[in-house]
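A look at the structure
Each chain is listed here by its residues.
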Amino acid sequence: LKEKQKAKMTYGMLERQFRRFYGEAVRKKGVTGENLLKMLEGRLDNTVFRLGIAPTRRAARQLVSHRHITVNGKVAGIPSMILRAGDVISIKEKSKELPAIKQALGNRDSKYPWLEWNSDTLKGIFLAAPEKDQIPENIHEQLIVELYSK
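Overview of the structure. Please read all numbers here as calculations on a predicted model, not as lab measurements. (Residues numbered from 1 in each chain as written. Predicted model: local features only at pLDDT ≥ 70, side-chain atom pairs only at ≥ 80, totals over all residues. Heavy atoms only, no water.)

Some thoughts on the nonpolar core
- Within the largest apolar cluster, 23 residues are counted, with the highest numbers of intra-cluster contacts made by Leu-44, Val-48, Ile-53, Ile-69, Ile-89, Ile-91 and Leu-105.
- Contributing elements (two or more residues each) for this core: helix H3 (44–51), helix H4 (57–65), strand E1 (69–71), strand E3 (87–91), helix H5 (99–106) and strand E4 (115–118).
- The element that contributes the greatest number of residues to this core is H3, accounting for four residues.
- The contacts of Leu-105, once residues within four sequence positions are left out, are Gly-52, Ile-53, Ile-91, Trp-117 and Leu-122.
- Formed by eight residues, the second largest nonpolar core is a distinct cluster that contains Phe-18, Ala-25, Leu-36 and Val-145. (Core = buried A, V, L, I, M, F, W, Y, C linked by side-chain atoms within 4.5 Å. Buried < 20%, exposed > 50% of the residue type's maximum accessible area, 1.4 Å probe, protein only. Helix = DSSP H or I, 4+ residues; strand = E, 2+ residues; numbered from the N terminus. Contact = heavy atoms within 4.5 Å.)

Structural notes on the environment of Gly-52
- For Gly-52, the position within the fold is in the loop between H3 and H4.
- What makes Gly-52 buried here is its relative accessible area of 9%.
- Sequence separation between Gly-52 and Ala-104 is 52 residues; the distance between their C-alpha atoms is 6.2 Å.
- Once you skip the residues sitting within four places of it in the chain, Gly-52 turns out to touch Ala-104, Leu-105 and Arg-108.

With respect to unusual backbone geometry
- In the Ramachandran plot, Arg-67 falls in the positive-phi region, its phi being about 65° despite a non-glycine side chain.
- Residue position: Arg-67 is located in the loop between H4 and E1.
- Residue Arg-67 is classed as partly exposed on the basis of its relative accessible area of 45%.
- Although it is not a glycine, Asn-72 adopts a positive phi angle of roughly 55°.
- Assignment of secondary structure puts Asn-72 in the loop between E1 and strand E2 (74–76).
- Residue classification places Asn-72 among the partly exposed residues on the basis of a relative accessible area of 43%.

Here we look at the side chain of Ser-95
- Structurally, Ser-95 is set in the loop between E3 and H5.
- Of note is the side chain of Ser-95, whose polar atom sits 2.6 Å from the side chain of His-68.
- When sequence neighbours within four positions are dropped, the list of residues in contact with Ser-95 reads His-68 and Ile-101. (Polar contact = N/O pair within 3.5 Å; in protein donor to acceptor, adjacent residues only side chain to side chain.)

Observations regarding the sheet that holds E4
- Read from one edge to the other, the open sheet built from five strands follows the order E2-E1-E3-E5-E4, with strand pairing classed as antiparallel. At either end of the open sheet lies a strand with only one pairing partner, and these are E2 and E4. Ignoring strand direction, the axes of neighbouring strands in this sheet form an average angle of 30°. (Pairing = 2+ DSSP bridges. Axes fitted to C-alpha atoms, helices over the stretch in contact; angles between N-to-C directions.)

Some remarks on the pairing of E4
- Of the two faces of E4, only one is covered, namely that formed by Leu-115 and Trp-117; the face formed by Glu-116 and Asn-118 stays uncovered.
- Sheet topology places E4 next to strand E5 (residues 123–126); four bridges connect them, and they run antiparallel. What sits directly across from Leu-115, in E5, is Phe-126.
- Taking the residues that link successive antiparallel strands as the turn, the E4-E5 hairpin has four residues, and the phi of Leu-122 there is positive, at about 55°.

A closer look at the packing of aromatic side chains
- Per the counting criterion, the structure on display carries three aromatic pairs.
- Considering the side-chain rings of Phe-18 and Tyr-148, the 5.2 Å spacing of their centres and the 55° angle between planes classify their relative orientation as tilted. In this pair, Phe-18 is assigned in helix H1 (residues 2–27) and Tyr-148 in helix H6 (residues 141–148), connecting sequence segments 130 residues apart. Pair check on accessibility: Phe-18 and Tyr-148 agree, each one buried.
- Ring centres 5.1 Å apart and planes at 40° place the aromatic pair Tyr-112 and Trp-114 in the tilted group. For the pair Tyr-112 and Trp-114, a shared accessibility class is recorded, and that class is buried.
- Pairwise contacts between aromatic rings join Phe-18, Tyr-22 and Tyr-148 into one cluster.
- Above the plane of the ring of Phe-21 lies Arg-20, whose end atom (NZ or CZ) is 4.8 Å from the centre.
- Positioned over the ring face of Tyr-112 is Arg-50, at 4.9 Å from the centre of the ring. (Phe/Tyr/Trp six-rings, centres within 6.5 Å; stacked < 30°, edge-to-face > 60°. Lys NZ or Arg CZ within 6 Å of the ring centre and 35° of its normal.)

This is the structure in structure tokens:
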């Protein structure tokens, strides 16, 4: 029973965050759906996943929550943090030896034009929010906008 309650609480929290992101996307200039996708791609947990520091988004969220990641030299503990162009993402010195991080970095093979990774220093740079055509997933953001605009 507790596991179900915990899952329900997590779902509610993520739904609130998503609704907040949608509201921000509506207020920005430009196409709402594209603004939403850019903001979601700019989240710290998603960027940790895209950089290959974690094998899944859920694992990336956990790494951030457990304070293994730094942004611009400061420990970050909020997965939904929105990154800005030029932000430097790295792994805390103590955390570099974690088996999960070592394994994920060993399997790292993806390259995204809005991210830069330095394998020697284990640091990544968020260069800019990606354009819709750069995002590899096939997301129909217009359907999301229609759902949330009601």
